[in-house]
Amino acid sequence: MSARHAAPRRLRRIGWLATIAVLLLTLGVATACSDPKQRESEYIERGKALFEEGDLVKARLEFKNALQIDPKGIEARYYMGLINEREGQWQRAFSAFKSVAERQPDNLQAQLKVAQFYLAAKELDLAAAQGDVLKSLSPEDPDVLVFLATLALRRDQVDDAMAGAKAALARDPDHTAARILLVRVYQRQGDPAAALAALDTLLASEPDNVAFLLMKAGILHEQGRQDEVEAIYQRLAAKEPDNFSYRLALANLHAQQGRIDDAEAVLRQAIADDAGGAQSRLALVNLLLNTKGRAAAEAELTDLIDKNPDQAEYPVKLAEIYANNGEMDRATETLRALIDRTAPAAGTALAQGDLPIRVALARLHLLNDDPDAAAPVIAEVLAAAPNNADALLMRASIALQKGEIDPAISDLRSLLRDDPESVQALRLLAQAQMLNGEPEIAMDTLKRVIQLAPADTESRQRLASLLAQQGNPDAALRLLDEVLEQQPEAAPALQSKASILTAQEKWREAKATIDRLLQLPDQHASGYTLQGAYHLGRGEYEDALASFNAARDAAPRAAEPLTGAVQAYLLQGKSEDAAAYLRALIADDGDNAVAHNLLGEVLLRLDRPEEAVQSFQNAIAHSSGWSVPHSNLGRLYASEGRIDAAVEAFRSGVAEMPNSVELLLGLAETLEKSGQYDEAAATYETILAQDPSIDIAANNLAALIADYRNDDPDQLQRGLSLARRFENSTNSLFVDTLAWLQYRTGELRLARVNLERAIALDSTVPQLHYHLGMVLHALGEDQLARAALEKATSGDARYPGIDEARQTLEQL
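Asks: Just checking my understanding: could you explain the overall build of the protein chain for this structure?
Replies: Counting secondary structure elements, the protein chain contains 46 helices and zero strands. Relative to the globule expectation of 28 Å for 812 residues, the C-alpha radius of gyration of the protein chain, 36 Å, shows a markedly less compact shape. The dimensions of the protein chain, computed from C-alpha atoms along their principal axes, are 105 × 100 × 70 Å. When the accessible area of the protein chain is evaluated, it comes to approximately 40,600 Å², of which 50% is carbon and sulfur surface. Mean positive and mean negative side-chain charge positions of the protein chain (83 and 119 charges, respectively) differ by 7 Å.

Here you go:
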């Protein structure tokens with residue numbers, strides 16, 4: 001190698017050494033600066049500074065970075081909760097605070113936040129338990145004292161609330177929350193002068209505090225001191241001229257006082273000042289609509305549409321006015337004209353500004369009970385904006401109306417991913433879950449609704465109904481009382497409460513609730529019906545009959561009071577009197593299908609089946625879309641061995657009501673009795689295609705396969721897949737079906753375990769002993785098999801397999 005080539009190579013080596021040294025130095029510096037704990041601390045400190053500045057977006061990013069380093073980081077998670085709370089994302093905030101409180105039980109601030117969320121959700125028992133945690137941590141802390149006092153006020157323990165507020169102020173005289181609580185306590189005590197004095201103390205230190213001024217305006221309004229209320233709103237409007245809400249409140253105040261011209265002047269001034277944009281103009285339209293009539297509102301809207309042709313809000317409002325007046329065609333034409341005028345060029349996507357018009361049109365179609373017209377409009381919106389919340393909500397609603405539960409749930413979950421606190425979506429999701437046979441999941445969803453919307457009385461009533469159905473009547477009553485606290489004349493809540501109290505035989509409370517219901521207008525039918533049930537429960541049959549008749553006077557065609565009256569006769573053993581009662585009613589009202597059907601049921605009790613057949617046929621002739629008389633007729637024929645007539649009765653009903661599970665089940669069971677196993681299986685499959693959660697259909701199909709299609713391995717696997725849902729069932733027949741399929745597929749030991757469990761649940765069914773005997777015989781335990789088969793063949797037992805049971809017993 002020449003020297004000429006050696007030097008550069010050596011120089012190169014030196015260059016590499018220098019580079020490596022520089023890299024090592026750099027890495028050393030980077031390693032020193034990238035200590036995870038130090039970086040986490042820096043993220044947290046930057047996040048806290050940004051949070052204090054009000055830059056929540058950047059603050060969230062800093063705390064997320066900190067949590068990537070330490071996913072269990074307490075401080076970062078707590079601040080994420082504060083950010084979610086400030087943004088109104090209550091569920092996420094609560095989850096963050098709960099997580100911190102669980103990981104660090106002595107964290108007073110996190111425990112306090114959890115307690116406050118329980119209180120806001122009206123979960124008073126949970127709030128009280130959390131209050132005990134707070135007292136154990138820091139019983140003298142002013143924040144803790146204020147929380148406990150607020151809880152006491154919620155429980156109507158006004159003296160305790162007053163003592164707690166004063167104790168907090170004794171430790172911190174400037175504690176704002178304690179002073180606000182004091183104002184509320186004075187209000188609860190009916191002492192507005194003291195409440196105003198306490199508020200004035202707060203305003204002395206913070207004269208421009210909007211929350212204090214609005215609270216004062218509320219108290220003054222209750223006292224009828226409207227001039228002072230007006231002065232407060234004028235002061236707020238002057239202080240924040242761009243905040244339209246204060247001007248709107250002032251206009252509403254004038255309108256309540258009958259000062260319509262003054263209210264209109266306030267809104268027109270807001271429009272002139274460009275405060276509120278379209279909101280102020282629409283507020284003026286609403287004022288005119290409510291005070292000067294539709295013509296004035298329409299004239300204002302027409303002027304707005306002429307001056308602002310590109311703003312969709314005004315024609316949408318005009319369509320709303322038409323719709324509210326029942327002029328659906330005009331409303332539709334208005335929106336269609338707007339859509340035609342603003343339609344994008346061919347091949348061009350809809351602009352975001354075009355979507356609200358189409359959403360309004362779809363909603364209008366739904367109001368007009370025309371989901372088929374709404375569907376393509378919704379599809380158009382979702383093609384342009386797949387996550388449009390309004391469109392997803394409407395599509396889910398349509399799907400639920402059609403019984404398409406899975407697509408509805410899918411849309412609602414998509415919506416909730418973007419907006420987990422959408423109360424409307426959660427309400428619909430709970431409805432879908434109830435229809436899907438998931439009451440416990442539905443209850444959890446309704447609890448979320450109530451947390452997010454404490455004033456949602458309808459959801460409380462639904463949750464109460466589910467709780468009562470699930471065997472928790474006391475919790476249901478607590479929820480209903482919360483509804484009645486907000487709406488003392490809520491008839492559905494009073495009806496539910498009366499029903500639960502009657503079922504619990506809490507007679508005095510039930511009677512008081514029914515009396516409250518009867519005092520409400522238009523509640524005589526439900527009130528007297530509940531009163532009849534109350535008397536029936538107490539064995540007061542004549543009083544029950546009088547109440548049910550009073551309910552019938554209020555609602556002559558209602559089924560419940562008529563059924564109750566018949567029951568009052570039957571419970572006394574007066575079946576002939578019940579029949580006479582129904583015949584007298586039919587003589588006056590021959591088209592009453594409920595009366596004809598009830599007469600048929602009474603005649604069956606009197607062992608007069610031919611007359612019962614005629615009554616059920618009359619009920620069918622005078623009703624449409626009612627499955628009960630069809631089912632009664634079919635089952636009557638089946639009980640008499642008239643299988644062909646029974647099949648025909650069920651087929652007739654299914655032809656009229658193809659989605660009736662009751663009729664489809666009756667048809668399938670009757671086909672099975674007649675030996676038409678293929679058609680019976682197909683009918684069960686039809687039921688399960690409609691609703692896979694119907695256990696009786698799954699069980700019957702699986703049992704049919706086990707008994708009559710057991711030579712087809714594919715069918716056996718289908719049956720086994722259906723029956724596996726019964727692994728934890730407490731229904732002996734369902735467990736038996738699973739075990740018999742396990743026997744058919746060779747899973748003998750599992751079959752034995754499940755059959756022994758089925759017999760432990762109900763030992764009176766001979767077929768269960770037959771199945772166990774065959775399993776034991778297959779396992780070679782013939783002595784035990786003989787004992788089981790003797791039980792299976794004793795008496796006059798009849799079931800599929802009885803011949804095999806006898807033959808096997810003879811062999812043994």
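Asks: Help me understand the packing of helix H22 (residues 389-401) against helix H23 (residues 405-418) in this model?
Replies: When two helices pack together, their arrangement is given by the angle between the helix axes and by the axis-to-axis distance. Packing of H22 against H23 leaves a shortest axis separation of 8 Å and a crossing angle of 160°. Here H22 is positioned roughly antiparallel relative to H23, judged by the angle of their axes. Where H22 crosses over H23, the two elements pack in a sense that is left-handed. Where H22 abuts H23, its residues Ala389, Leu392, Leu393, Arg395, Ala396, Ala399 and Leu400 lie against Ala408, Asp411, Leu412, Ser414 and Leu415.

Asks: Help me understand the packing of aromatic side chains, please; the structure alone is not making it clear to me.
Replies: Both the distance between ring centres and the angle between the ring planes are used here to describe each pair of aromatic rings. Summed over the entire model, instances satisfying the criterion amount to 14 aromatic pairs. Their ring planes at 15° and their centres at 5.1 Å tell us that Phe63 and Tyr79 sit as a pair that is stacked. Highlighted residues: Phe63 in helix H3 (residues 56-69) and Tyr79 in helix H4 (residues 74-86), separated in sequence by 16 residues. Ring plane angle 50° and centroid distance 6.0 Å describe the contact between Phe97 and Phe117, whose orientation is recorded as tilted. Within this pair, whereas Phe97 is found in helix H5 (residues 90-103), its partner Phe117 is found in helix H6 (residues 108-120), the two being separated by 20 residues in sequence. Neither residue differs from the other here; Phe97 and Phe117 are each classed as buried. Site record: aromatic cluster; members linked through ring pairs are Phe51, Phe63, Tyr78, Tyr79, Phe94, Phe97, Phe117 and Tyr118.

Asks: I keep staring at helix H25 (residues 439-452) and nothing clicks. Help me out?
Replies: Turn by turn, an α-helix covers 3.6 residues, leaving residues three or four places apart pointing in a common direction. With 14 residues, H25 should reach 20 Å at 1.5 Å per residue; the first-to-last C-alpha distance of 20 Å fits that figure. The inward-facing, buried residues of H25 contact H5, helix H24 (423-435), helix H26 (457-469) and helix H27 (473-486).

Asks: Is there a simple way to explain unusual backbone geometry in this structure?
Replies: Peptide bonds are trans in most cases, and residues, glycine excluded, mostly fall at negative phi. Of note in the backbone geometry, Glu505 takes a positive phi value of approximately 60° without being a glycine. Here Glu505 shows up in the loop between helix H28 (491-503) and helix H29 (507-518). Residue classification places Glu505 among the exposed positions, given a relative accessible area of 53%. Although it is not a glycine, Asp607 sits at a positive phi angle of roughly 60°. Position of Asp607 relative to the elements: it lies in the loop between helix H34 (593-605) and helix H35 (609-621).

Rules of the game
- Residues numbered from 1 in each chain as written.
- Predicted model: local features only at pLDDT ≥ 70, side-chain atom pairs only at ≥ 80, totals over all residues.
- Heavy atoms only, no water.
- Helix = DSSP H or I, 4+ residues; strand = E, 2+ residues; numbered from the N terminus.
- Rg over C-alpha atoms; globule rule 2.2 N^0.38 Å.
- Areas by Shrake-Rupley, 256 points an atom, 1.4 Å probe, with all protein chains shown as cover.
- Lys, Arg positive; Asp, Glu negative; His and termini not counted.
- Charge placed at Lys NZ, Arg CZ, Asp CG, Glu CD.
- Axes fitted to C-alpha atoms, helices over the stretch in contact; angles between N-to-C directions.
- Parallel < 35°, antiparallel > 145°, perpendicular 65-115°, else oblique.
- Left-handed = near helix turned anticlockwise from the far one by under 90°.
- Contact = heavy atoms within 4.5 Å.
- Phe/Tyr/Trp six-rings, centres within 6.5 Å; stacked < 30°, edge-to-face > 60°.
- Buried < 20%, exposed > 50% of the residue type's maximum accessible area, 1.4 Å probe, protein only.
- Expected span 1.5 Å × (residues − 1).

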